[in-house]
Amino acid sequence: MSLRIAVAAPFQQKGRERMRESEFVVSLSLDRDWFSPDQAKRLVDVASGQGLLSHEDDELIAEFDPASVEIPDEFVPDESLLQEQSTFEKVLDKVVAHGTTKQTAVAEINELQAEAAVSVEAAAVVYARRKGIDVSDEAREALADLKA
């Protein structure tokens, strides 16, 4: 969720759902002093990979409603946001966002993995689908990882 918060902040600041990438970078690096300009650009890549941002010409478009995200006053994102998440982490984030506690989800995914004798990514995808959560992109990633 902290990735979503970090991405939402510049859009909330400007009161828009679209902005030039340079405005986004300035907002995160100079206005908020959360990241260096290079790190802010990396955040754009990570957020795009997570489906939170899309590009159209030289603009970034929020693929969620930034106004609906609450940004705590003391919030400062961790640099770990700049790392790509594994397929398992992406699925787990979606499951948690839909109301299952992280501890419960991990325990139940591990149990499913042991029962089905599949990879943890495959077990996570099956678990999420059983809960009615769309993890189609993550399922394709897990399949591609198996083929690699």
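Examining the pattern of salt bridges
Going through the model one piece at a time under the given rule, you end up with seven salt bridges. We note a salt bridge from glutamate 23 to arginine 20, for which the minimum N-O separation is 4.0 Å. The partly exposed category is assigned to arginine 20, whose relative accessible area is 40%. Here lysine 90 makes a salt bridge to glutamate 141, at a shortest N to O gap of 2.9 Å. Separated by 51 residues along the polypeptide, lysine 90 in helix H4 (residues 87-97) and glutamate 141 in helix H7 (residues 136-147) bring together distant segments of the chain. Under the relative-accessibility criterion, glutamate 141 is labelled partly exposed at 26%. Within this structure, Arg16, Arg20 and Glu23 form a network of salt bridges that share partners.

Considering the sheet that holds strand E1 (residues 18-20)
With antiparallel pairing, three strands are arranged side by side in an open sheet as E1-E3-E2. Strands at the two margins of the open sheet, each flanked by one partner only, are E1 and strand E2 (53-56). Here the strands of the sheet are splayed against their neighbours by 30° on average, with no regard to which way each runs. Strand contacts of helix H1 (residues 2-14): E1, E2 and strand E3 (59-62), with the helix running at about 95° to E1, the strand carrying the most contacts. Sitting on the sheet, helix H3 (residues 37-49) touches E2 and E3, and the angle it makes with E2 is about 105°.

Quick notes on unusual backbone geometry
The phi angle at aspartate 33 is positive, at roughly 60°, despite the residue not being glycine. Locating aspartate 33 in the fold gives a position in the loop between helix H2 (21-31) and H3. Of note in this structure, aspartate 57 is not a glycine but carries a positive phi near 55°. Mapped onto the secondary structure, aspartate 57 falls in the loop between E2 and E3.

The rules behind the values
- Residues numbered from 1 in each chain as written.
- Predicted model: local features only at pLDDT ≥ 70, side-chain atom pairs only at ≥ 80, totals over all residues.
- Heavy atoms only, no water.
- Salt bridge = Lys/Arg side-chain N within 4 Å of Asp/Glu carboxyl O.
- Buried < 20%, exposed > 50% of the residue type's maximum accessible area, 1.4 Å probe, protein only.
- Helix = DSSP H or I, 4+ residues; strand = E, 2+ residues; numbered from the N terminus.
- Pairing = 2+ DSSP bridges.
- Axes fitted to C-alpha atoms, helices over the stretch in contact; angles between N-to-C directions.
- Contact = heavy atoms within 4.5 Å.

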